Amino acid sequence: MQLTEIAEAQNIPPKFLTVMLSQMRRAGLVESLRGREGGYWLAKPPREISYGEIVRRTRGSLGLLPCASRQAYESCQHCITEEKCRLHRVMLMVRDETARILDNMSLADEVPAELTAKRPA
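So, a few notes on the structure that sits alongside this text. Because the structure is predicted, anything quoted here is derived from the model rather than measured.

Cut-offs applied
Residues numbered from 1 in each chain as written. Predicted model: local features only at pLDDT ≥ 70, side-chain atom pairs only at ≥ 80, totals over all residues. Heavy atoms only, no water. Core = buried A, V, L, I, M, F, W, Y, C linked by side-chain atoms within 4.5 Å. Buried < 20%, exposed > 50% of the residue type's maximum accessible area, 1.4 Å probe, protein only. Contact = heavy atoms within 4.5 Å. Axes fitted to C-alpha atoms, helices over the stretch in contact; angles between N-to-C directions. Helix = DSSP H or I, 4+ residues; strand = E, 2+ residues; numbered from the N terminus. Parallel < 35°, antiparallel > 145°, perpendicular 65-115°, else oblique. Left-handed = near helix turned anticlockwise from the far one by under 90°. Nonpolar A, V, L, I, M, F, W, Y, C, P; charged D, E, K, R; others polar. Salt bridge = Lys/Arg side-chain N within 4 Å of Asp/Glu carboxyl O. Patch = residues over 30% accessible without salt bridge, like charges linked within 9 Å, V, L, I, M, F, W, Y side chains within 5 Å. Areas by Shrake-Rupley, 256 points an atom, 1.4 Å probe, with all protein chains shown as cover. Expected span 1.5 Å × (residues − 1). Arc of directions from axis to C-beta.

In this structure, Leu 3, Ile 6, Ala 7, Leu 17, Leu 21, Met 24, Ala 27, Leu 29, Val 30, Ile 49, Ile 54 and Leu 107 together form the largest nonpolar core, which totals 12 residues. If near-sequence neighbours (up to four positions away) are discounted, Ala 7 is found in contact with Ile 12, Pro 14 and Leu 17.

Below, the structure written as structure tokens:
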């Protein structure tokens, strides 16, 4: 699909979508072809792309705080030890629950039927 078609169908500002599709292309989630007949398409079937994979590959982490990230862990500056920090424990639970939900949902689970059907010319 062309960027303008996706933006219209999903009600996403084209400039924002350009950035997102660029990140997704670099992450290997979508492929693209430039030019008049160009556009974007998924690099693999929707069932094989989880929302968790998209977030991790474009954002880098599911953790809301650096100390709760598995892939981009950093200890918090000016903080008590993680063993004593109640917020740290809560953020680990949030990260794990977020991962459980996003990793168990694929693009195929949420694509509305009207977007998968061919549109009349």
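Next, the rest of the story.
This next bit is on the packing of helix H1 (residues 3-10) against helix H2 (residues 14-26). Where H1 meets H2, the axes come as close as 10 Å, and the angle between the chain directions of the two elements is 115 degrees. For the element pair H1 / H2, the angle class is roughly perpendicular. Like other packed secondary-structure pairs, H1 and H2 cross with a definite hand, here right-handed. Taking contact as the criterion, the partners of Leu 3, Ile 6 and Ala 7 in H1 are, on H2, Pro 14, Leu 17, Thr 18 and Leu 21. A per-class count over the contact of H1 with H2 returns six nonpolar, one polar and no charged.

So, on to the pattern of salt bridges. For the coordinates displayed, the defined rule picks out six salt bridges. Its salt-bridge partner being Asp 109, residue Arg 47 comes within 2.9 Å of it at the nearest N-O pair. One end of the pair, Arg 47, is in the loop between strand E2 (39-42) and helix H3 (51-59); the other, Asp 109, is in helix H5 (residues 107-110), with 62 residues separating them in the sequence. What you see here is one network of salt bridges that share partners, running through Lys 44, Glu 53 and Arg 57.

The subject of this paragraph is a nonpolar patch on the surface. Among the surface-exposed residues, Leu 64, Leu 87, Val 90 and Val 94 lie close enough to one another that they form a single nonpolar patch of about 330 Å² accessible area. Given a relative accessible area of 48%, Leu 87 falls into the partly exposed group.

On to H2, then. Over its 13 residues, H2 extends 18 Å from the first C-alpha to the last, a length consistent with the 18 Å expected when each residue adds 1.5 Å. Buried within H2 are the following residues: Leu 17, Leu 21 and Met 24. End-on view of H2: buried residues confined to an arc of 60 degrees, all on one side of the axis. Those residues of H2 that are exposed and aimed more than 90 degrees away from the buried face are Lys 15 and Arg 26. Those residues of H2 that are buried are in contact with H1, strand E1 (30-33), E2 and H3. The positive-phi residue at the C-terminal boundary of H2 is Gly 28, with phi of around 80 degrees.

Distances and angles like these do not, on their own, reveal function.
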